[in-house]
Amino acid sequence: MKYTYSLIRSIKPYVNIIMFLLCLVSYSCGGSDDGISGPPENSGTDPAPDPDDPSDDWRTLYNGIILPSVWPPKDINISSYEPMKVPYLQTPPEVIPIDVGRQLFFDNFLIDNTDLVRKFYKPKKYAQNPILKPETTLETSNIPGASAKDGGVWWEPREQIFKMWYEAGWLNKMAYATSNDGVNWVRPDLNNGSNELLTLSRFPANSCAVVLDYEASDNERYKMFLRSPNANATDNAGYCMISSNGKQWSWFTKTGPCGDRSTMFYNPFRKKWVFSIRTLGVLGNSPHGRARYYREHSDFLTGAVWTKADVVFWCNADNKDTPDPEFNLPPELYNLNAVGYESIMLGLHQILLDENEIAKAANRPKITELKVSFSRDGFHWDRPYREAFIPATRVPGSWDRGYVQSVGGICTVVGDQLRFYYIGFKGGDPSSYMHSNGATGMAILRRDGFASMSTTGEGSLTTRPVTFTGKYLFVNVDCSSGELKVEILDKNNKVIDDLSADKCKAVSIDSTIQQIEWNGSSDLSSLVGQEVKFRFKLKNGDLYAFWVSPSTNGESNGYVAGGGPGYISNKDTEGKKAYEQASGLQSIR
């Protein structure tokens, strides 16, 4: 990726050359304290291919969904408080390619017919939370806090460690921590006597988002968006920057207008940087309070430069978000962050249930909670489960009493677990009852365990027509007190003789990566490119996901959120081998 920057002008041409060379050296080394850069040369809208050009296939996604010719959509009604309509669920593709990632069952996108019952699940909070709390001088010198808002937690395969970026104190400084297991964290000395990110010291911390860009060149492997508090951002702008190691940051690029809890993430399916922009300032307010505008671009720093005309209204809370009975206020969308997970974009909607004035009067943190969301096109969100995915306790003295928020990367993948990092606030400090004692914790969910298709008796599920290029069928299933068999149907709905349920080797197991085999025929290569349906016959169990892998290792070639031990990038190209490395880490439940 190449960026062009405005350099300091000089009367003498040779000074220009010297400055240019110095900038190149600083850029290649991840310069420690670069000045704020001018806007990249190609600022503005990221041009989409011509939808009328038959050679352009940008509208057809990896899962068969066809995007509308106007993208991103400009028809979202800012005045509506109805749930977001999801076009691909109303009109799914006739045939669904399933080469990318594990195929999950949180919606009916993949299902032709079934008599199984869908069950939803939420993660269990780690008993030893918080895993990071305010302890150092940097974290306690003003209003105490150690919370990644959003910051980020990512697995760095090059160093075989987890990395965290978080806010030390409240509206104070950005800091950095590392961990070998994702549970026990250390604060490395960054050659300044603390773990403060000195290249960011000019920016009071508030909303921040970090992405480990596995696809980038070394000198821009890490991307950051940072928005300072309103008092320090009178023009309603944030900054985007890059780094080679996540510690020294450079090429500070001023963004377009955004509210003070804006964030960004990467959509790996479409290779787009997405800015989740809070309504505020020149963008105006939503009729339903806090809400989100959307900005996407294929180039991170270029995409950081936008005007009001470059963004579209995206989403807000809706009438299926139940008001808290204590406050009885219409819920608002405080934040929306997301990450690529297996075959979907996995989102966390942070829902606000009270208001600043109420929380201040009660001397406590305001109540926000996280609700899970799913998207197969990266824009439209399906929210079938409306209970709090990660709730606030509301209990005085608990570390996550309120103000529960997501962390960049959303979750890491450790063996058969998803580890969701989140922050919460205890309050209780006279310096700020509402914003004090922020800390970071973790909640654990079964891998793919957002929803299962379940039965306590016998039932079946038949998929829509799918195609694949893999060889071996794998499932995530818990039927240790029952069994699962699978058969495959051709495009005429006829069971393929050698791949019938009668010839399937029944499995009675609880496993997040289990191969399905048939007597004398487990290699599905003969079906590559053909339209087929899978029929899962389940007794007393829960089916979470299925996929067709290119090898018996069971790799899915889907995305693994914030990564994890055994993975060399944000894609699962390792399968069981990653499980083996994760097995050496501390087991947590």
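Preceding this section is the structure that the text describes.
Criteria and cut-off values
- Residues numbered from 1 in each chain as written.
- Predicted model: local features only at pLDDT ≥ 70, side-chain atom pairs only at ≥ 80, totals over all residues.
- Heavy atoms only, no water.
- Salt bridge = Lys/Arg side-chain N within 4 Å of Asp/Glu carboxyl O.
- Helix = DSSP H or I, 4+ residues; strand = E, 2+ residues; numbered from the N terminus.
- Buried < 20%, exposed > 50% of the residue type's maximum accessible area, 1.4 Å probe, protein only.
- Pairing = 2+ DSSP bridges.
- Core = buried A, V, L, I, M, F, W, Y, C linked by side-chain atoms within 4.5 Å.

## Focus on the pattern of salt bridges
Right, on to step 1. According to the stated counting rule, one finds 37 salt bridges in the structure shown.
Right, on to step 2. Asp-354 is the salt-bridge partner of Arg-364, the closest N and O atoms lying 2.9 Å from each other. With Arg-364 in the loop between helix H5 (356-361) and strand S21 (368-375) and Asp-354 in the loop between strand S20 (344-352) and H5, this residue pair connects regions lying ten residues apart in the sequence.
Right, on to step 3. A relative accessible area of 7% means that Arg-364 is categorised as buried.
Right, on to step 4. Its relative accessible area of 2% is what places Asp-354 among the buried residues.
Right, on to step 5. Asp-498 is paired through a salt bridge with Lys-503; the nearest N and O atoms lie 3.4 Å apart.
Right, on to step 6. Its relative accessible area of 43% is what places Asp-498 among the partly exposed residues.
Right, on to step 7. One network of salt bridges, in which partners are shared, links Arg-102, Glu-342, Arg-447, Asp-448 and Asp-572.

## Remarks on the sheet that holds strand S6 (residues 124-125)
Where strands meet in a sheet, backbone hydrogen bonds hold them as pairs that are either parallel or antiparallel.
Right, on to step 1. Read across the sheet, four strands follow the order S6-S24-S23-S22 without closing on themselves; strand pairing throughout is antiparallel. Each of the sheet's edge strands pairs with one partner strand only, and the pair in question is S6 and strand S22 (402-414).
Right, on to step 2. With two bridges connecting them, S6 and strand S24 (residues 438-446) associate as antiparallel partners. Following the sheet pairing, Lys-125 is matched in S24 by Ala-443.

## Regarding the pairing of strand S19 (residues 332-342)
Right, on to step 1. Within S19, eleven of the eleven residues are buried, which leaves it mostly tucked inside the rest of the structure.
Right, on to step 2. Both S19 and S20 contribute to a ladder of nine bridges, which runs antiparallel. Note on S20: the bridge partner recorded for Gly-340 is Met-345.
Right, on to step 3. In textbook terms, the turn of a hairpin is the stretch between consecutive antiparallel strands, and for S19 and S20 this stretch comprises one residue.
Right, on to step 4. With two bridges joining them, S19 and strand S31 (residues 559-560) adopt antiparallel strand pairing. Across the sheet, residue Glu-342 finds its bridge partner in S31, namely Tyr-559.

## Notes on the nonpolar core
In summary, soluble globular proteins display a tendency toward joint burial of nonpolar side chains.
Right, on to step 1. If you look at the biggest cluster of nonpolar residues, it comprises 133 residues, and the most contacted ones within it are Phe-450, Leu-484 and Phe-534.
Right, on to step 2. The leading source of residues in this core is strand S30 (residues 533-549), at seven residues.
Right, on to step 3. Judged by nonpolar contacts, the second largest core, of 30 residues, contains Leu-132, Tyr-421, Phe-425 and Ile-444.

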